[in-house]
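Spelled out, the chains give:
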Amino acid sequence: MIVVLGFSRNAILAIGVAVLFAILVSPRIQSVVRSIRLVSTASLSAAALTLLLFLLPASSATVWFEQQISSFNSRVLDGIRPGAIQADRSAQFRFQGENPYLKEAIAQSPVTGHGFGYPYRPAAVAGRTETDATVDLVYYAHNYYLWIWTKCGLLGGSVLLLTLLSPAIGAVRRRAVSTVGATAPLAGLMAASVVAPMPNGSPTSALVGALCGAGLALLSHSAKTHVDGETPEHPLRPARPALGRQRVESRSHATKFGGSRVGTQTKLGRAPAEPSVLSRNSSRSEPR
């Protein structure tokens, strides 16, 4: 509901990349089925809500819902088409009013960059309209990757991007399924950073940092359990006792001593059972 009412194409892009990333890290039939089920549930819910609006009598609530659905279709779904992007003033401002100046600044200093305080474009063309404040827009850019290259250069930008993308890269290389909960949203946000600077945004910068830290922690835990030869457990859950290993060792111990049950019971911590007094007396009373 938050994504729908936000009317943001960036959120749709981030969710789509996150789902594809989760399938890539865990290429199992269960993951594909779960993703299809999620998309089907969302589509059926939207269709049911639309049908319900046609059946309900006209009211202020139904009119408001119809306006939201119409705005979402025209702004988000129709806005993804190439023809709509070419006619979109916001998209063209990013592609024509920012990216050419970023590429020009990168060509001037590609290795070390210009620094964070460098105005990469003139103030006369910074505003989309005459009422826009042009003071901050000479430093701001929507394409985060071109922006960080302009500011920090190839050296600084590579270090920063490798730090942010290392959890996602490690999850893909190791097929670490336990890290998907943190690395998939991180991959989605970094993909959306092509058109919106998620690591620089006020609400999203903290989210990117938290997901990066959580992904590194989960990846480190997964690598540690893999080296130890144990099944990866959740880092916040207590480890379960390895009963299966004790049983295997007890069986091998019993086989070593001729397959007797005494060795097995001793390995599991139980003393061998003593013959009862009645059984000993009965064995003595039997005729030879």
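Predicted model, so just to flag it, every value in this text is computed and none were measured. (Residues numbered from 1 in each chain as written. Predicted model: local features only at pLDDT ≥ 70, side-chain atom pairs only at ≥ 80, totals over all residues. Heavy atoms only, no water.)

**Q** Where do I start with the overall build of the protein in this structure?
**A** A tally of helices and strands in the protein yields 14 helices and 0 strands. The order of helices and strands in the protein, counted from the N terminus, is α-α-α-α-α-α-α-α-α-α-α-α-α-α. The proportion of buried residues among the 288 residues of the protein is 28%. Once local pairs closer than 6 in sequence are excluded, the contacts in the protein between residues at least 24 apart make up 60%. Of the roughly 18800 Å² of accessible surface on the protein, 64% is carried by carbon and sulfur atoms. (Helix = DSSP H or I, 4+ residues; strand = E, 2+ residues; numbered from the N terminus. Buried < 20%, exposed > 50% of the residue type's maximum accessible area, 1.4 Å probe, protein only. Contact = heavy atoms within 4.5 Å. Areas by Shrake-Rupley, 256 points an atom, 1.4 Å probe, with all protein chains shown as cover.)

**Q** How should the packing of aromatic side chains be read in this particular structure?
**A** Describing an aromatic ring pair means giving the distance of the ring centres and the angle of the ring planes. As enumerated under the stated definition, the model contains 3 aromatic pairs in all. Between the aromatic rings of F116 and W147, the centroid separation amounts to 5.8 Å while the plane-to-plane angle is 45 degrees, which identifies the pairing as tilted. In this pair, F116 sits in the loop between α7 (99-108) and α8 (134-137) while W147 sits in helix α9 (residues 144-174), placing the two residues 31 residues apart along the sequence. Look at W147 and you get buried, because its relative accessible area is 11%. Put simply, the rings of F116, Y144, Y145 and W147 pair up and form one aromatic cluster. (Phe/Tyr/Trp six-rings, centres within 6.5 Å; stacked < 30°, edge-to-face > 60°.)

**Q** What exactly am I supposed to notice about the nonpolar core here?
**A** Within soluble globular proteins, side chains that are nonpolar tend to cluster in buried spots. Counting residues in hydrophobic clusters, the biggest one holds 22 residues, and the most contacted among them are Y144, I148, L186, M198 and V208. Take this core: its biggest share by element is 7 residues, from α9. Every residue in contact with L186, bar those within four places of it in the chain, is listed here: L164, P167, V208, L211 and C212. (Core = buried A, V, L, I, M, F, W, Y, C linked by side-chain atoms within 4.5 Å.)

**Q** Honestly, the confidence of the model for the protein in this entry has me stumped. Any pointers?
**A** Detail in the predicted coordinates should be disregarded across regions flagged by low pLDDT. Overall, the predicted model of the protein reaches an average pLDDT of 75, with 68% of residues at or above 70. Helix α13 (residues 261-267) is the least confidently modelled element of the protein, averaging 45 in pLDDT, while α7 averages 95, the highest of any element. In the model, residues 259-269 has pLDDT below 50 throughout and makes 15 contacts with residues more than four positions away in sequence or in other chains. Within the model, the stretch residues 282-286 combines pLDDT values under 50 with 0 contacts to residues more than four positions away or in other chains. (pLDDT = per-residue confidence, 0-100.)

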